[in-house]
Amino acid sequence: MSAPHTMNLQGRTALITGAATGIGRATALLFAQAGATVVVNHLGRAEAAQEVVRQITAHGGKAWMVEADVTHASAVSAMVAQVQSVGPIDILLNNAGIIQEKPFLETTEDDWDRMLDVDLKSVFLMCRAVLPVMVAQGQGVVINTASDLGYLGRAQFAPYCAAKAGVIGLTRSLAREFAPAIRINAIAPGPVDTAMVSLESMSAETIELELAIPQHRFAQPEEIAATALFLASDLSRFYCGQVLGPNGGSVMP
Ligand SMILES: NC(=O)c1ccc[n+]([C@@H]2O[C@H](COP(=O)([O-])OP(=O)(O)OC[C@H]3O[C@@H](n4cnc5c(N)ncnc54)[C@H](O)[C@@H]3O)[C@@H](O)[C@H]2O)c1
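Because the structure is a prediction, the values reported are computed rather than measured.

### Structural notes on the pairing of strand β3 (residues 62–67)
Alright, step 1. Looking at chain direction, strand β2 (residues 37–42) and β3 are connected through 6 bridges and run parallel. Within β3, the position partnered with V40 by the bridge is M65.
Alright, step 2. Handedness of the crossover is the feature at issue here: the chain leaves β2, passes through helix α2 (residues 46–58), returns alongside β3, and the resulting connection is right-handed.

### Quick look at the packing of helix α4 (residues 109–137) against helix α6 (residues 158–178)
Alright, step 1. Running from N to C, α4 and α6 cross one another at 15 degrees; their axes reach a closest spacing of 9 Å. By the angle between their axes, α4 is roughly parallel relative to α6. You can see that α4 and α6 cross each other, and the crossing is right-handed. On the side of α4, the interface is formed by D111, W112, M115, L116, D119, L120, V123, F124, C127 and L131, while α6 contributes P159, Y160, A163, K164, G166, V167, L170, L174 and F178.

### With respect to the nonpolar core
Alright, step 1. With 71 residues, the main nonpolar core has A14, A28, F31, V38, V40, V52 and A232 as its most contacted residues.
Alright, step 2. The biggest single contributor to this core is α4, with 10 residues.
Alright, step 3. Not counting residues within four places of it along the chain, the set of residues in contact with V38 comprises A14, I16, A28, F31, A32, I56 and A63.

### Observations regarding helix α3 (residues 73–86)
Alright, step 1. An ideal rise of 1.5 Å per residue puts 20 Å on 14 residues; α3 measures up with 20 Å between its terminal C-alpha atoms.
Alright, step 2. Inspection of α3 places V76, M79, V80 and V83 among the buried residues, and these make up the whole buried set. Projected down its long axis, α3 shows its buried positions confined to an angular sector of 95 degrees, all on one face. Summarising the geometry of α3, the exposed residues directed more than 90 degrees from the buried face are S74, A81 and S85.
Alright, step 3. On the buried face of α3, the contacting elements are β1 (13–16), β2, β3 and α4.

### A short note on the environment of V52
Alright, step 1. Along the chain, V52 turns up in helix α2.
Alright, step 2. It is 8.9 Å that separates the C-alpha atoms of V52 and M65, two residues lying 13 residues apart in sequence.

### Comments concerning the site of the ligand
Alright, step 1. Near the ligand there are 27 residues, and of these G18, G22, G97, T194 and M196 occur at the shortest range.
Alright, step 2. The element contributing the most residues to the shell around the ligand is helix α1 (residues 22–33), with 3 residues.
Alright, step 3. A breakdown of the residues in the shell around the ligand according to their chemical character gives 13 nonpolar, 12 polar and 2 charged.

### Considering the pairing of strand β5 (residues 140–145)
Alright, step 1. When you tally the buried positions in β5, you get 6 out of 6 residues, the bulk of the element.
Alright, step 2. Here β5 shows no split at all, with G140, V142 and N144 on one side and V141, I143 and T145 on the other all buried.
Alright, step 3. As judged from the 4 bridges shared by strand β4 (residues 91–94) and β5, these two strands associate in the parallel manner. Directly across from L93, in β5, lies its bridge partner I143.
Alright, step 4. The sheet contact formed by β5 and strand β6 (residues 182–187) spans 6 bridges and is parallel. Pairing of V142 across the sheet is with I184, part of β6.

Calculation rules
- Residues numbered from 1 in each chain as written.
- Predicted model: local features only at pLDDT ≥ 70, side-chain atom pairs only at ≥ 80, totals over all residues.
- Pairing = 2+ DSSP bridges.
- Helix = DSSP H or I, 4+ residues; strand = E, 2+ residues; numbered from the N terminus.
- Right-handed = clockwise from strand over helix to strand, strands pointing away.
- Axes fitted to C-alpha atoms, helices over the stretch in contact; angles between N-to-C directions.
- Parallel < 35°, antiparallel > 145°, perpendicular 65-115°, else oblique.
- Left-handed = near helix turned anticlockwise from the far one by under 90°.
- Contact = placed C-beta atoms within 7 Å.
- Core = buried A, V, L, I, M, F, W, Y, C linked by C-beta atoms within 7 Å.
- Buried ≥ 20, exposed ≤ 12 C-beta atoms within 10 Å, placed from the backbone.
- Expected span 1.5 Å × (residues − 1).
- Arc of directions from axis to C-beta.
- Near = placed C-beta within 6 Å.
- Nonpolar A, V, L, I, M, F, W, Y, C, P; charged D, E, K, R; others polar.

Structure follows, in structure tokens:
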């Protein structure tokens, strides 16, 4: 008889990048509820990361935090070595990201490099460090975070859209290369109610555009975390190289 399909993550360890806030935080809390030990990666957000760990442990879950800049190969290697020294890495969620609204003709080389480093190169670096561990284990799940804008494109957001389209191509390539032992998929959310998409970080016109989707609202981070839990769990075990879109209808492929 085949193993039961379940959303239970009991006995598994999940490493989540950028997990101190937003979607990463919500997913850390949900994975812990599902029984996973969660490693909360952050960069310069010690207090918020500590609070995520505190909330998980207060509810009887297991979590610890590790600071690392996921754009630096040496920091990524050190983090992965640290996590691996504690136990297996069953699930990797590449979630860390940044966004910038800027007319293309004002976009500097530094803007481009920064966006591509955080939103795309980090996924390469994390996968390059974690996949050997998963190959040695003979199993593992990787979830990368793209965006609906990776399909749609958006004026004033060219580097972000290029990076997120890159995440989709990287996910599909790695899914083919590491199947069947390791399952690699992506999530491409629509607008989510986090610090990333706010009137502090974006123009009112962009926010209006974000809301012009069939569901006419932002997702809550927990709604994206639910997709991550599905992809992390055995319920999705025939999913390979897929890009799931909790997006309120912004993209209908
Ligand atoms: N909010 C949205 O509407 C939306 C839509 C589609 C995709 N996404 C993607 O979801 C992911 C999470 O974003 P969010 O909305 O929760 O925003 P957020 O700003 O709350 O989360 C991003 C996290 O990444 C961390 N981070 C940034 N650079 C890092 C680095 N170099 N090393 C380690 N951590 C770093 C930040 O500190 C932050 O905690 C991102 O990849 C984002 O592009 C968000």
